[in-house]
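Residue strings, one per chain:
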Amino acid sequence: MEQRRIHKTSLRGPRPNLDDYDATVARFSWAEAERLLDGLPDGGGVNIAYEAVDRHLKHGRGDKVAICWLGKSGERRELSYAELARQSNQFANALEGLGVQPGERVFVLMGRLPELYVALLGSLKARCVVTPLFSAFGPEPIATRAEMGDARVLVTTPGLYERKVKGLRERLQGLQHVIVVGETSAGGDGVHLWDALMTPASPDYTIAPTDRESMSLLHFTSGTTGRPKGAVHVHGAVLAHAVTGRYALDLHENDVFWCTADPGWVTGTSYGIIAPLVCGVTNVVVEAEFDAQTWYDVLQRERVSVWYTAPTAIRMMMKLGAEAVKAHDMPALRFMASVGEPLNPEAVVWGLEAFGLPFHDNWWQTETGGIMVSNYASMDIKPGSMGKPLPGIVAAIVRRNEGGGIEPVTNPDVDGELALQTPWPSMMRGYLHEDERYRKCFVDGWYLTGDLAHRDADGYYWFVGRADDVIKSAGHLIGPFEVESALMEHPAVAEVGVIGIPDPMVGEVVKAFVALKPGFEPDEALRRELLGHARKRLGAAVAPKEIDFRSNLPKTRSGKIMRRLLKARELGLPEGDLSTLESDEKK
Ligand code: ATP
Ligand code: MG
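All of these numbers come straight from a predicted model, not from anything done at the bench.

**Notes on the site of ligand 1**
Around ligand 1, a shell composed of 21 residues is seen, among which Gly223, Thr224, Thr225, Asn362 and Thr366 lie nearest. Residue Thr366 places a side-chain N or O atom 2.6 Å away from an oxygen atom belonging to ligand 1. The fraction of the free accessible surface of ligand 1 (630 Å²) that becomes covered by protein chains is 95%. Elements that contribute at least two residues to the shell around ligand 1 include exactly strand E14 (359-363) and strand E23 (461-466). Tallying contributions element by element places E14 first for the shell around ligand 1, with three residues. Here the shell around ligand 1 is composed, by residue class, of five nonpolar, nine polar and seven charged.

Okay, here's the thing in structure tokens:
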């Protein structure tokens, strides 16, 4: 694909924290970055909640707004750092009052309510392990995760408890306490009302010494490629959140930051809670689900300056057109970033058209705990590229060899597996109960990501596809992203997922599933036009041979296109684990 370049000549806002990529990489060390953290008093180690909340009080920032919560019905609530410290202290005391021990698991199942943030931070203070679950999960995904993670406490709402959890109590014998935010008649069985626990609890709490290697969060992966894995993270990961908040998201003290991800997914925890608070900014939390108009209103009204969102949302906004954005006035907005899926070059450029700013793509995984490859505020963007490795992260493109080892791919533009040199602070420390699977991710001091990519001569990394999704056709390796991005250039296309289907002659041929923008008819003429467009852009060997129109593509709840499901349905194969599939896509 030809390379465009967005030059960073006139930057909006303050001088970027990372103003010279090469110089920063050359002088960076994780040991030196420790200065970004305070550490618990008296050499008591590192605790995420202390870095995110309490230490700001010590530095005179207690009155600053930590969380600006925007409720579904138009409510607006501000929690200062001091208030967040008090409430999370109360929650930590409440847990101790219940006899919950450090290391025990606290699951959180609720929408984006202020209590979620209080419960998560309070649990970390008590050195419990937190697992946030997506509130739209049905009883089965809740039960399997709670069983696997040995949930001792669950924090939820009355409605979710009644509908989804109550019927599981018999099965979840380890679940001793359910803390319900709001009124419920469901008593007994270790059910406690939030207010009844919190009101008498002391607002003072001293965090006990916390080993930075102790477990902090257990996060389940998105389930895009199969059954979700439980990635184990530690308190010391907060150093990576402090660094990426500053370098990758360019957070400055006076920023108003909004991460649109739900804390049920790692982005919503690492960047929807931890990184912005660690950086001491004001963190906007929007309870409502995606709606373009609501989102533009939030950006304008709250004067959001740094915005972190995802390709699926960007594509939905693109579908509605740039005019709706331009009808708003967003002078404060200065930096936009995206994660979760490959960001098509069209989407990066559309950002410029609609917001006057490009989207900065970055790449990471539940397993990496934080952003690993990123486009930085000061660095030119090559649309379609994920950017360059974070200072402190050594990335490589490798191939696995016959002997079970790996070899580096040193030539530019050659595809291989993206690998990261171990360790780094936010690296997962295990897949819960899956040691063998965990060990297989590491070879010769490198973590193998399972994603294919290449690096160009300027050091930019380009996503090719997940190893599972790559299509092998007549000796070529075809990454679905390249084909999808070419189709996305066509004005009729809103969304596209590409898979390989078996072919007796060439191994596999490329098939595309396309959702159209409003006003376009899924007819034969358009199908032929799209096939022709793709052939012209990609050449006959890479272009799809077939295109099917769909009104929607199957996606995970975190918004990722599930290519494995498109393929399973196409070939009549078992559909596998569907626990994270968006419900309206379920058959
Ligand atoms: P599972 O591992 O359960 O199949 P998942 O890999 O989707 O699910 P996550 O950890 O949430 O779970 O997602 C990480 C993956 O998302 C990456 O490995 C990559 O495939 C994809 N991804 C994330 N960001 C980007 C990006 N900027 N460009 C391309 N792909 C991305
Ligand atoms: Mg994965």
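**A closer look at the domain arrangement of the chain**
Parsing the chain into structural domains produces domain 1 (8-455) and domain 2 (469-585). Once you take the C-alpha centre of each, domain 1 and domain 2 turn out to be 30 Å apart. The partner domain 2 presents 24 residues to the 26 residues of domain 1 that form the contact. Roughly 2,200 Å² of surface becomes buried between domain 1 and domain 2 when both sides are summed, with 61% attributable to carbon and sulfur atoms. When the buried surface of domain 1 facing domain 2 is broken down by residue, Thr224, Arg315 and Lys319 rank first, second and third, together holding 24% of it. Counting the contacts that link domain 1 with domain 2 gives one salt bridge. Here Arg315 makes a salt bridge to Glu495, at a shortest N to O gap of 3.9 Å. Between the two partners, domain 1 and domain 2, sit nine residue pairs in polar contact (both at pLDDT 80 or more). Of all elements in the fold, only helix H6 (139-148), helix H12 (311-320) and helix H14 (345-355) reach the threshold of two or more residues within the side of domain 1 that touches domain 2.

**Observations concerning the pattern of salt bridges**
Tallied over the full model, the rule gives 46 salt bridges. As a salt-bridge pair, Asp262 and Arg112 come within 2.6 Å of each other at their nearest N and O atoms. Residue Asp262 is located in the loop between strand E10 (256-259) and helix H10 (266-278), and its partner Arg112 is located in the loop between strand E3 (105-109) and helix H5 (114-125); the two are separated by 150 residues in the primary sequence. The salt bridge involving Asp255 is made with Arg334; its shortest N-O contact spans 2.7 Å. Of this pair, Asp255 sits in the loop between helix H9 (238-247) and E10 while Arg334 sits in the loop between helix H13 (323-326) and strand E13 (335-338), and the two are 79 residues apart along the sequence. Linked through salt bridges whose partners overlap, the residues forming this network are Arg5, Asp380, Lys382, Asp456 and Asp458.

**Some words on the pairing of strand E6 (residues 177-180)**
The alternating pattern of E6 places His177 and Ile179 on one face and Val178 and Val180 on the opposite face, and all of these are buried. Alignment of strand E5 (residues 151-156) against E6, held across four bridges, turns out to be parallel. Among the inter-strand pairings, Thr156 is bridged to a residue of E6, identified as Val180. In this fold, E5 hands off to helix H7 (residues 158-165), which returns the chain to E6; that crossover is right-handed. When E6 meets strand E7 (residues 191-193), the two strands line up parallel, connected through three bridges. Across the sheet, residue Val180 finds its bridge partner in E7, namely Leu193.

**Re the packing of aromatic side chains**
Applying the stated criterion across every chain, the model contains 23 aromatic pairs. Judged by centre distance (6.1 Å) and plane angle (80 degrees), the rings of Phe355 and Phe359 are edge-to-face. With a relative accessible area of 9%, Phe355 lands in the buried category. An aromatic cluster is present here, built from Trp258, Phe290, Trp295, Tyr296, Trp307, Trp350, Phe355 and Phe359 joined pairwise through their rings.

**What about the side chain of Thr267?**
With respect to the element layout, Thr267 can be found in helix H10. Sequence-distant contacts of Thr267, defined by excluding residues within four places in its chain, comprise Cys259, Ala261, Gly272, Tyr308, Val339 and Trp364.

**Concerning helix H11 (residues 292-301)**
All of the buried residues along H11 are Ala292, Trp295, Tyr296, Val298 and Leu299. Each buried residue of H11 sits inside an arc of 155 degrees when the element is viewed along its axis, so together they form one side. Remark: Arg303 follows H11 within two positions and exhibits a positive phi of approximately 55 degrees.

**Brief notes about the packing of H5 against H10**
At a minimum axis separation of 12 Å, H5 and H10 run at an interaxial angle of 70 degrees. The pairing of H5 with H10 is recorded here as roughly perpendicular in orientation. Relative to H10, the crossing made by H5 is right-handed. Packed against H5, whose contacting residues are Leu116, Tyr117, Leu120 and Leu121, the element H10 presents Thr269, Gly272, Ile273 and Leu277 at the interface. Taken together, the residues of the contact of H5 with H10 sort by class into six nonpolar, two polar and no charged.

**Observations concerning the pairing of E23**
Within E23, five of the six residues are buried, leaving the element largely enclosed by the surrounding structure. Looking at chain direction, strand E16 (residues 385-389) and E23 are connected through two bridges and run antiparallel. Within E23, the residue paired with Ser385 across the bridge is Trp462. When strand E22 (residues 446-455) meets E23, the two strands line up antiparallel, connected through five bridges. Bridge pairing in E23 places Arg455 opposite Tyr461. As consecutive antiparallel partners, E22 and E23 are separated by five residues, and within that stretch Gly459 has a phi angle of approximately 90 degrees, a positive value.

Criteria and thresholds
- Residues numbered from 1 in each chain as written.
- Chains lettered and ligands numbered in written order.
- Predicted model: local features only at pLDDT ≥ 70, side-chain atom pairs only at ≥ 80, totals over all residues.
- Heavy atoms only, no water.
- Near = heavy atom within 4 Å.
- Polar contact = N/O pair within 3.5 Å; in protein donor to acceptor, adjacent residues only side chain to side chain.
- Areas by Shrake-Rupley, 256 points an atom, 1.4 Å probe, with all protein chains shown as cover.
- Helix = DSSP H or I, 4+ residues; strand = E, 2+ residues; numbered from the N terminus.
- Nonpolar A, V, L, I, M, F, W, Y, C, P; charged D, E, K, R; others polar.
- Domains from an automatic or database assignment.
- Contact = heavy atoms within 4.5 Å.
- Buried area = accessible area lost by both parts, 1.4 Å probe.
- Salt bridge = Lys/Arg side-chain N within 4 Å of Asp/Glu carboxyl O.
- Buried < 20%, exposed > 50% of the residue type's maximum accessible area, 1.4 Å probe, protein only.
- Pairing = 2+ DSSP bridges.
- Right-handed = clockwise from strand over helix to strand, strands pointing away.
- Phe/Tyr/Trp six-rings, centres within 6.5 Å; stacked < 30°, edge-to-face > 60°.
- Arc of directions from axis to C-beta.
- Axes fitted to C-alpha atoms, helices over the stretch in contact; angles between N-to-C directions.
- Parallel < 35°, antiparallel > 145°, perpendicular 65-115°, else oblique.
- Left-handed = near helix turned anticlockwise from the far one by under 90°.

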